[in-house]
Amino acid sequence: MFTMKKAALIGCGALGSFVAHGLKKILSGDYELTGVLDLRAEAAQELAKECDTRACANLDELLSDAEMIIETAGGEVVRTYGETVLNSGCDLVILSVGALSDKNLKSALENAARSAGKKVYVVNGALGGLDVLQTMSMMAPTTALISITKAPESLNGAPFLEGKGLPENKTVKIFEGSVDDAIRGFPKNVNVAVATALASNCPDTKVIITSVPGMKDNKHCVHAENGIITTDISISSLPDPDNPKSSTSAAWSVLNLLKNLAAPVFYY
Ligand SMILES: NC(=O)C1=CN([C@@H]2O[C@H](COP(=O)(O)OP(=O)(O)OC[C@H]3O[C@@H](n4cnc5c(N)ncnc54)[C@H](O)[C@@H]3O)[C@@H](O)[C@H]2O)C=CC1
Ligand SMILES: O=C([O-])CC(=O)C(=O)O
């Protein structure tokens, strides 16, 4: 039996705010939002006021009244808080999947979840179809490629670009390489690539990133093969109005996971 679950949120930026409002508006029958936390105290206070919950000053305060922590803050938060969250007896929903490209962190979180009897939930985020990639990887070794296409303003500021702005007048392929290099170079843009590599169990997943001036959508295309199934996943979704690097669909994906966890039937 699913009883009302106490969920709390780390990261009150574009997607975290969307998730918090969604919890209140569409999932309030199943979840109580018991607190929010952000490095920017004023952002947490504003969101807490809007969503009628507590702005917490630190992780301990957030954990004091929660059964589930939703991370919408960035990979560093998964790294610094992930194990503590699980050890405290909370489930952990991760949006910044890129953090799991660090194998040591991934196994530390797996061990903590196992010992605490809790779960780490990795969302589809701005992508979709992690289910079919996992199914394929169970059947046979799978190869995968992900092509990410965004407007320059959705990519500018990434460490890989070393402060240089992307051209506004021509399409440029700016990166082709491994998932590990991609997440280091574009930590706020290629969480979907790490999710693809993990779900397809293909650490050699190839990543291509292209900047297209004037492009309205963020576009993610995955091609995966295992000799039995060939899959093409193509998703275009609008950038978030508050953060063009992120697609709002990623926040919807968190809400959809929470909805499924609370429902009698889980659509996997
Ligand atoms: N899996 C996926 O498909 C996607 C994943 N993402 C991930 O979600 C994250 C959030 O995205 P947005 O909301 O658009 O970013 P954002 O930059 O609008 O918001 C991030 C918030 O987290 C806060 N924050 C950062 N470090 C913190 C810390 N140590 N403790 C507490 N708060 C902290 C920031 O102050 C900010 O308010 C991104 O950094 C990215 O890693 C984003 C889009 C898609
Ligand atoms: O929201 C998106 O378009 C994808 C994204 O930023 C990521 O995977 O980090």
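Here the structure is a predicted model, which is why all the values come from computation and not from measurement.

Once that is clear, we can look at the site of ligand 1. Near ligand 1 there are 23 residues, and of these Asp38, Arg40, Ser96, Ala126 and Ser246 occur at the shortest range. Contact distances for ligand 1 include 2.6 Å between an oxygen atom and a side-chain N or O atom of aspartate 38. A distance of 2.8 Å separates an oxygen atom of ligand 1 from a polar atom in the side chain of arginine 40. For ligand 1, the protein covers 85% of the area, taking 860 Å² as the surface of the free molecule. Among the elements of the structure, α1 (14-26), α9 (191-199) and β12 (243-247) are those that each provide at least two residues to the shell around ligand 1. Residues belonging to the shell around ligand 1 are distributed by class as follows: 12 nonpolar, nine polar and two charged.

UniProt marks His220 with the feature "active site" (unreviewed entry), using the numbering shown here. Note that histidine 220 resides in strand β9 (residues 218-225). With a relative accessible area of 1%, histidine 220 lands in the buried category.

In the numbering used here, UniProt assigns the "domain: Aspartate dehydrogenase" (unreviewed entry) feature to residues 170-255. End C-alpha to end C-alpha, residues 170-255 measures 36 Å, and it is 28% helix and 42% strand.

Even without glycine at this site, aspartate 52 takes up a positive phi of about 55°. Aspartate 52 gets classed as exposed once you look at its relative accessible area, which sits at 65%. Here glutamate 162, not a glycine, exhibits a phi torsion of approximately 45°, which is positive. Mapped onto the secondary structure, glutamate 162 falls in the loop between α7 (152-155) and β7 (172-178). A relative accessible area of 64% means that glutamate 162 is categorised as exposed.

The rules we used
Along each chain, the written sequence defines residue order, and numbers are assigned to residues from 1. Labels follow written order: the first chain is A, the first ligand is 1, and so on. Local features in this predicted model are restricted to residues of pLDDT 70 or higher, and side-chain atom pairs are both shown and tallied only at a pLDDT of 80 or more, whereas totals for entire chains, interfaces and linings draw on every residue. Here the side-chain values reflect all heavy atoms present in the structure, with hydrogen atoms and water set aside. Whether a residue is near a molecule or strand depends on its heavy atoms: if one lies within 4 Å, it is near. Polar contact is the term for a pair of N or O atoms within 3.5 Å; when the atoms are in protein, one must be able to donate a hydrogen and the other to accept it, and sequence-neighboring residues count only if both atoms are side-chain atoms. Working definition of accessibility: Shrake-Rupley area with a 1.4 Å probe, residue cover restricted to the visible protein chains. Under the DSSP-based scheme used, a helix requires at least four consecutive residues in state H or I and a strand at least two consecutive residues in state E, with every element numbered from the N terminus. Side-chain classes follow a simple rule in which Ala, Val, Leu, Ile, Met, Phe, Trp, Tyr, Cys and Pro form the nonpolar group, Asp, Glu, Lys and Arg form the charged group, and the remainder, Gly included, forms the polar group. UniProt positions are given in the numbering used here, feature names are shortened, and annotations may be inferred rather than shown by experiment. In this scheme, a residue with accessible area under 20% of its type's maximum is buried, one over 50% is exposed, and one in between is partly exposed, where area comes from a 1.4 Å probe on protein chains only.

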